[in-house]
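What the coordinates show
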Amino acid sequence: MKIRMETVNYCFDVLDLMSQNKIHFLEGIRLLNSKVREIDPMFNQNFTKVIVAFESDTDFYPLGEVRKLWNKQSLLKQDERYLDNYKRGKKQLHEGLEELKEYLILNSEKQ
């Protein structure tokens, strides 16, 4: 199955924003989550498993406007939990993102 160029471009745009630190890393993962589920609905690819698992493990973490509603003590605890999850899965997560890039290139409509 070939991946629509619209989806490929969307994923690469998100990955670029993440690499330039223009969006929070977790925000990028959340944006990619629905797309990788669309690309690989049977979870056959490692990148899908890694991204979905990380997003699921960090769904408690507030981002953007929601952070403003939390008190500082609660945010400190949530930040600590997020960093622990990130440190544990950092290598796998970054490898998964690289696999996603390769998969998108190899399976895009233009190929």
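This report concerns the structure included in the present document. Keep in mind that what you see is a predicted model, and the values were worked out from it rather than measured.

A closer look at the overall build of the chain
- Helix and strand counts for the chain come out as four helices and zero strands.
- Sequence-ordered secondary structure for the chain, helices as α and strands as β, is α-α-α-α.
- C-alpha atoms of the chain, sized along the principal axes, occupy 50 × 25 × 20 Å.
- For the chain, with 111 residues in total, the buried portion stands at 40%.
- Here the chain has roughly 7200 Å² of accessible surface; of this, 50% comes from carbon and sulfur atoms.
- Here the chain contributes 18 positively and 18 negatively charged side chains, and the mean placements of these two sets differ by 4 Å.

Some words on the nonpolar core
- Of all hydrophobic cores here, the largest spans 28 residues; its most connected members are Met 18, Phe 25, Ile 29, Leu 32, Phe 54, Leu 97 and Leu 100.
- Elements that contribute at least two residues to this core include exactly α1 (5–19), α2 (25–39), α3 (46–57) and α4 (72–107).
- With seven residues, the top contributor of residues to this core is α4.
- Each residue touching Leu 97, except ones within four places of it in the same chain, is listed here: Leu 15, Met 18, Phe 25, Ile 29, Leu 32 and Ile 51.

So, the packing of aromatic side chains
- Taken as a whole and judged by the stated rule, the model has seven aromatic pairs.
- Taken together, a centroid distance of 6.3 Å and an interplanar angle of 65 degrees make the contact between Phe 54 and Tyr 82 edge-to-face. Linking Phe 54 in helix α3 with Tyr 82 in helix α4, this pair joins segments that are 28 residues apart in sequence.
- The side chain of Lys 35 reaches across the aromatic face of Tyr 10, ending 5.0 Å from its centre.
- Here the basic side chain of Arg 81 rests over the ring of Phe 60, its NZ or CZ set 3.6 Å away from the ring centre.

As for α2
- Its 15 residues give α2 an end-to-end C-alpha distance of 21 Å, which sits within 8% of 21 Å, the value for a rise of 1.5 Å per residue.
- Taken residue by residue, α2 has Phe 25, Leu 26, Gly 28, Ile 29, Leu 32, Asn 33, Lys 35, Val 36 and Ile 39 as its buried positions.
- Close packing links the buried residues of α2 with α1, α3 and α4.

Here's the deal with a nonpolar patch on the surface
- Among the surface-exposed residues, Val 66, Leu 69 and Trp 70 lie close enough to one another that they form a single nonpolar patch of about 310 Å² accessible area.
- With respect to the helices, strands and loops of the structure, Val 66 is situated in the loop between α3 and α4.

About the cut-offs
Residues numbered from 1 in each chain as written. Predicted model: local features only at pLDDT ≥ 70, side-chain atom pairs only at ≥ 80, totals over all residues. Heavy atoms only, no water. Helix = DSSP H or I, 4+ residues; strand = E, 2+ residues; numbered from the N terminus. Buried < 20%, exposed > 50% of the residue type's maximum accessible area, 1.4 Å probe, protein only. Areas by Shrake-Rupley, 256 points an atom, 1.4 Å probe, with all protein chains shown as cover. Lys, Arg positive; Asp, Glu negative; His and termini not counted. Charge placed at Lys NZ, Arg CZ, Asp CG, Glu CD. Core = buried A, V, L, I, M, F, W, Y, C linked by side-chain atoms within 4.5 Å. Contact = heavy atoms within 4.5 Å. Phe/Tyr/Trp six-rings, centres within 6.5 Å; stacked < 30°, edge-to-face > 60°. Lys NZ or Arg CZ within 6 Å of the ring centre and 35° of its normal. Expected span 1.5 Å × (residues − 1). Patch = residues over 30% accessible without salt bridge, like charges linked within 9 Å, V, L, I, M, F, W, Y side chains within 5 Å. Salt bridge = Lys/Arg side-chain N within 4 Å of Asp/Glu carboxyl O.

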